[in-house]
2 protein chains.
Amino acid sequence: MTRLVLAAGTTETAAIEGLSAAGTDGDLLVHTPSADAEILEYGKPVRAPVTPVSPAGCPTPAVVTRAVRERLDLPLTVVDAGLAKPTAAGTVTVGATPGRDIREEEPVPTAYGVWEAARQFGRALDEDLLLAETVPGGTTTALGVLTALGETDATGVSSSLAANPLDLKREVVAAGLDASDLDAGSCAGQPRRAIRRMGDPTAAVLGGLTVGALETDTPVTLAGGTQLLAVAALARHADADGRLSLATTSFIDADPNVDLSAAADAFELDVTVTDPGFDESHVAFERYLAGEAKEGVGMGGALAVADAAGVPMADVRDGVISTYERLLG
Amino acid sequence: MTRLVLAAGTTETAAIEGLSAAGTDGDLLVHTPSADAEILEYGKPVRAPVTPVSPAGCPTPAVVTRAVRERLDLPLTVVDAGLAKPTAAGTVTVGATPGRDIREEEPVPTAYGVWEAARQFGRALDEDLLLAETVPGGTTTALGVLTALGETDATGVSSSLAANPLDLKREVVAAGLDASDLDAGSCAGQPRRAIRRMGDPTAAVLGGLTVGALETDTPVTLAGGTQLLAVAALARHADADGRLSLATTSFIDADPNVDLSAAADAFELDVTVTDPGFDESHVAFERYLAGEAKEGVGMGGALAVADAAGVPMADVRDGVISTYERLLG
């Protein structure tokens, strides 16, 4: 049995204008991870006041992962990785608090404790794990972590926006390094320090979970794009040398800002890319084709699980449409 | 779709010697609700250090509910109703803290806020709800609540022990009334006050959930024995007049200390009793036949769901045995 473990958290880094598409505006963005967790668990927001959509109307990838969960048995655990708002999805506590802006010296003061609690949790789990995230602003904090580890050459960095604001991200990361008195690569071999100084709390949860699971020979698939590549980097910099897989979407594979095969080599990853076959036939698909969202909330991993289980992508697409209509139609 | 909602909490009332069979001794008892939630979610304890068994070796009814969950689709939400120890099961937060000894003036200071948060949560849920509890010492706090409401004539009170320590419970409740400056029936029509002065936090969670769900015409089945009868009483004393069901086990029905039909009349309940058909063929069943446990962790409700779905009780019994062997064999 495969279990989906979603690290749901927030970072004040997301409040920087122009970084994230994970909500129509900053006031709603802070509800996105709580809403995503509820969509996975209940098929709709329950306590959260909103269904996350990008400013251009792209529905959260939680809609895709939920559609898969309605078609096969995929148990879910949500870990509170620094939620700022209540959620009706049950959450596991590992001591995370909302992340601060990475332009501060210590955006994740809880990184060491969270990593260790998540590691113990990862050691205790024995189902195959599919690890995922929802954290607005997460590709910027991932770039922060990858930069601190000295691993940006291997990965590149994606975006939930069609036009990746890479210059802005680099500027934010440079300011973060400055505030933390670090250079690129200063945190090589020090993954928890990289998170504490330059990351967000989902990285601490997922890094710790990955290392704990690998220590006990539990199969781990990282389900996502840039942020999960950063988790792979963190695990390797923690000297975890077990077998590690990454499952992502064709949208990440097609992103010229990401070099999946270089990352696979650098971090010894088995990579699975799944194409959901979206086309222009429905508004739920259009923004994905335009390059928005691309990944998140376990989308690529859920698609891979569906594919491996023989669920036709046409069925998944039907589910995406019906979930979209229920939530946003 | 039916959703099982488990209120998992603790009360210092359970530390009174001789009251509860929900753990081999007091040190382990405090882990029981966390372990029960994990057994429902993962099929085994994960963070909790123990599988709950009574001093005489009766396995927690969570084993039965889990066996049902492995045979049909029964989504689970665990609400933190005052857990004292970490759990790997995700939990929803409504502001509950562990209950104090009911012999104190205010054993549940958070009762009003928890009730209201749970009511809002109940209003937001729209699946059929099966409400359950795990709280050691819960039949004593249920007797406290029923006494404060003036409803003990209608119900009686059961026990997880084969020899119900009724005299001790009455003594504890009398001391509680005394400390709270209440008489039997003083809290009639004041359900939240009854909990704050004489109950435990699971009653606040389940009472609020029930009232919120009934306000929005969501079908509610109370899954349990005495403690869920107390929840029915609380809902009726809160003037919730929607249709309410109770699903319990044949062990509760056979308990001479409980008058199910009087309770059904008093609180207008549709009662379903399900007999799992336990016999002497396996150690997992023996202590139930001897009168231990009887109910808890949604056992009667899960059996009713299995029965309604056409799952043969022989299959459920096989599942109980295999779960027992995995955990305690």
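Structure: above.
All of the points below concern the structure found in this document. (Residues numbered from 1 in each chain as written. Chains lettered and ligands numbered in written order. Predicted model: local features only at pLDDT ≥ 70, side-chain atom pairs only at ≥ 80, totals over all residues. Heavy atoms only, no water.)

### Quick word on the interface of chain B and chain A
It is common to give the size of an interface as the accessible area that goes away when the parts come together. Contact residues are listed per partner, giving 22 residues for chain B and 22 residues for chain A. Buried area between chain B and chain A, both sides added, is near 1500 Å², and the carbon and sulfur share of it is 44%. For the pair chain B and chain A, the interface holds four salt bridges. Measuring nitrogen to oxygen at the nearest pair gives 2.7 Å for the salt bridge that ties R3 of chain B to E41 of chain A. If you list the elements that add at least two residues to the side of chain B that touches chain A, you get α2 (32-42), β2 (76-80), β3 (91-93) and α4 (111-124) of chain B. In terms of residue class, the side of chain B that touches chain A is made up of 11 nonpolar, five polar and six charged. (Contact = heavy atoms within 4.5 Å. Buried area = accessible area lost by both parts, 1.4 Å probe. Salt bridge = Lys/Arg side-chain N within 4 Å of Asp/Glu carboxyl O. Helix = DSSP H or I, 4+ residues; strand = E, 2+ residues; numbered from the N terminus. Nonpolar A, V, L, I, M, F, W, Y, C, P; charged D, E, K, R; others polar.)

### Digging into the pattern of salt bridges
Applying the stated rule across the entire model yields 24 salt bridges over all chains. With a closest N to O distance of 2.8 Å, E292 of chain A and R287 of chain A form a salt bridge. What makes E292 of chain A buried here is its relative accessible area of 4%. Overall, R287 of chain A belongs to the partly exposed group, its relative accessible area being 27%. Measuring nitrogen to oxygen at the nearest pair gives 2.7 Å for the salt bridge that ties R66 of chain B to E70 of chain B. (Buried < 20%, exposed > 50% of the residue type's maximum accessible area, 1.4 Å probe, protein only.)

### Thoughts on unusual backbone geometry
In this structure, V297 of chain A takes a positive phi of about 55 degrees despite not being glycine. Take V297 of chain A: it is sitting in the loop between α13 (283-289) and α14 (299-308). The buried category is assigned to V297 of chain A, whose relative accessible area is 3%. Even without being a glycine, D217 of chain B presents a positive backbone phi close to 60 degrees. Within the secondary structure, D217 of chain B is located in the loop between α9 (201-215) and β5 (220-223).

### Describing helix α5 (residues 138-149) of chain B
Residues and elements named next belong to chain B. In this model, α5 (12 residues) spans 16 Å end to end at C-alpha, consistent with the 16 Å of a helix rising 1.5 Å per residue. Counting buried residues in α5 gives 12 out of 12 residues, a clear majority hidden from the surface. Just beyond α5, the residue with positive phi is G150, at close to 80 degrees. (Expected span 1.5 Å × (residues − 1).)

### Comments concerning the relation of the copies chain B and chain A
The operation relating the pair of chain copies consists of a rotation about an axis and a translation along that axis. Overlaying chain B on chain A yields an RMSD of 0.0 Å, the required transformation being a rotation through 180 degrees with an accompanying axial translation of 0.0 Å. Such values leave the two copies arranged in the relation of a two-fold axis. Taking the C-alpha atom as reference, chain B places G90 of chain B closest to the rotation axis, 2.0 Å from it. Mapped onto chain A, 100% of the interface residues of chain B again fall at the interface, so both copies present the same surface. (Least-squares fit on C-alpha atoms with pLDDT ≥ 70 in both.)

### A look at the layout of surface pockets
Roughly 930 Å³ of internal volume is contained in the largest pocket. R69 and D73 of chain A together with R69, D73 and P75 of chain B are, among the 39 residues lining the largest pocket, the residues nearest its centre. Those elements giving two or more residues to the lining of the largest pocket turn out to be α2 (32-42), α3 (62-69) and β2 (76-80) of chain A together with α2, α3 (62-69) and β2 of chain B. Of the residues that constitute the lining of the largest pocket, the class distribution is 17 nonpolar, five polar and 17 charged. In this structure, the second largest pocket spans a volume of roughly 290 Å³. If you go around the second largest pocket, you meet 20 residues; those closest to its centre are T91 and T93 of chain A together with D80, T91 and T93 of chain B. Counting residues per element, the ones that place at least two in the lining of the second largest pocket are β3 (91-93) of chain A together with β3 of chain B. Of the residues contributing to the lining of the second largest pocket, the split by class is eight nonpolar, six polar and six charged. (1 Å grid on protein atoms, 1.4 Å probe; cavity = no way out; pocket = protein on both sides within 12 Å on 5 of 7 lines; lining within 4 Å. Points joined across faces, edges and corners; volume = space filled by probe spheres on them.)

### Here we look at the packing of aromatic side chains
For the coordinates displayed, the defined rule picks out eight aromatic pairs over all chains. Plain terms: the ring middles of F278 of chain A and F285 of chain A are 4.4 Å apart, the flat faces sit at 15 degrees to each other, and that makes the pair stacked. Accessibility classification places F278 of chain A together with F285 of chain A in one group, the buried group. Joined through ring pairs, the aromatic side chains of F251, F278, F285 and Y288 of chain A make up one cluster. In this arrangement the basic side chain of R47 of chain A is found over the ring face of F121 of chain B, its NZ or CZ atom lying 5.5 Å from the centre. (Phe/Tyr/Trp six-rings, centres within 6.5 Å; stacked < 30°, edge-to-face > 60°. Lys NZ or Arg CZ within 6 Å of the ring centre and 35° of its normal.)

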